[in-house]
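Next come the chains, spelled out residue by residue.
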Amino acid sequence: MKMTKAELEAFLAAEFPQMAPLRMRIENWDGAALRLDMPVTEQNLRPGGTVSGPAMMTLADCAAYLLLLGLIGPVALAVTTNLNINFLRKPGLGDLGAEATMLKLGKTLAIIEIALFTAGQAEPVAHAVMTYAIPPKR
């Protein structure tokens, strides 16, 4: 583990202050898996009274990014190169949680799996796999 939970939170606040209104919070970081939660608010909803796909994709991407940084250190320029998400069922209106685990961490690419859950529900509402490009070390 290259970054602690506190270091990840400080990095996110410093480098991405625009994310503060989403009120995401790291619930768990154990060096292998990262759990990121986000309260569902009116801004996250779409017609029909459900959480929007873009809100779920944002949570998945942020969880993957923080997991990657937790493992490799504060590399601000690591970027998403692919996002594949399957929406499995209609999410509830409770907080959303993302559980991210590393599938493969290479020198230039990382592949991360993310399961999204509504608080209090056992079945995932979405499943994502993301690829991140890691910039070369100088």
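Please refer to the structure higher up on the page.
Presented here is an overview of the structure given in this document. (Residues numbered from 1 in each chain as written. Predicted model: local features only at pLDDT ≥ 70, side-chain atom pairs only at ≥ 80, totals over all residues. Heavy atoms only, no water.)

Considering only enclosed or pocket space, the largest pocket measures out at about 330 Å³ in volume. If you trace the largest pocket, you find 14 residues lining it, with Val 75, Lys 107, Ile 134, Pro 135 and Lys 137 closest to the centre. Partitioning the lining of the largest pocket into residue classes produces 8 nonpolar, 2 polar and 4 charged. (1 Å grid on protein atoms, 1.4 Å probe; cavity = no way out; pocket = protein on both sides within 12 Å on 5 of 7 lines; lining within 4 Å. Points joined across faces, edges and corners; volume = space filled by probe spheres on them. Nonpolar A, V, L, I, M, F, W, Y, C, P; charged D, E, K, R; others polar.)

Let's shift gears to the nonpolar core. In terms of nonpolar packing, the biggest core is built from 42 residues, with Leu 34, Leu 36, Ile 112, Ile 114, Leu 116 and Tyr 132 touching the most fellow members. Secondary structure elements with two or more residues in this core: helix H1 (5-15), strand E1 (25-29), strand E2 (33-38), helix H2 (53-72), strand E6 (96-105), strand E7 (109-118) and strand E8 (126-133). A per-element tally of this core places H2 first, with 13 residues. The contacts of Leu 34, once residues within four sequence positions are left out, are Leu 8, Ile 26, Asn 28, Trp 29, Ala 63, Leu 66, Leu 67, Ala 98, Glu 99 and Ala 100. (Core = buried A, V, L, I, M, F, W, Y, C linked by side-chain atoms within 4.5 Å. Buried < 20%, exposed > 50% of the residue type's maximum accessible area, 1.4 Å probe, protein only. Helix = DSSP H or I, 4+ residues; strand = E, 2+ residues; numbered from the N terminus. Contact = heavy atoms within 4.5 Å.)

A word on the sheet that holds E2. Strand order in the open sheet formed by 6 strands is E1-E2-E6-E7-E8-E5, and the pairing between neighbours is antiparallel. The open sheet has two edge strands, E1 and strand E5 (79-87), and neither has a second partner. Between one strand axis and the next, the sheet turns through 20° on average, direction left out of account. Across 9 bridges, E6 lies against E7 in antiparallel orientation. Each bridged residue has a counterpart across the sheet, and for Lys 104 the counterpart in E7 is Ile 111. Sheet strands in contact with H1 are E1 and E2, and its direction is about 155° off that of E1. Along the sheet, H2 contacts E1, E2, E5, E6, E7 and E8; its crossing angle with E6, the most-contacted strand, is approximately 45°. (Pairing = 2+ DSSP bridges. Axes fitted to C-alpha atoms, helices over the stretch in contact; angles between N-to-C directions.)

The quantities given are spatial measurements derived from coordinates; they are silent on function.
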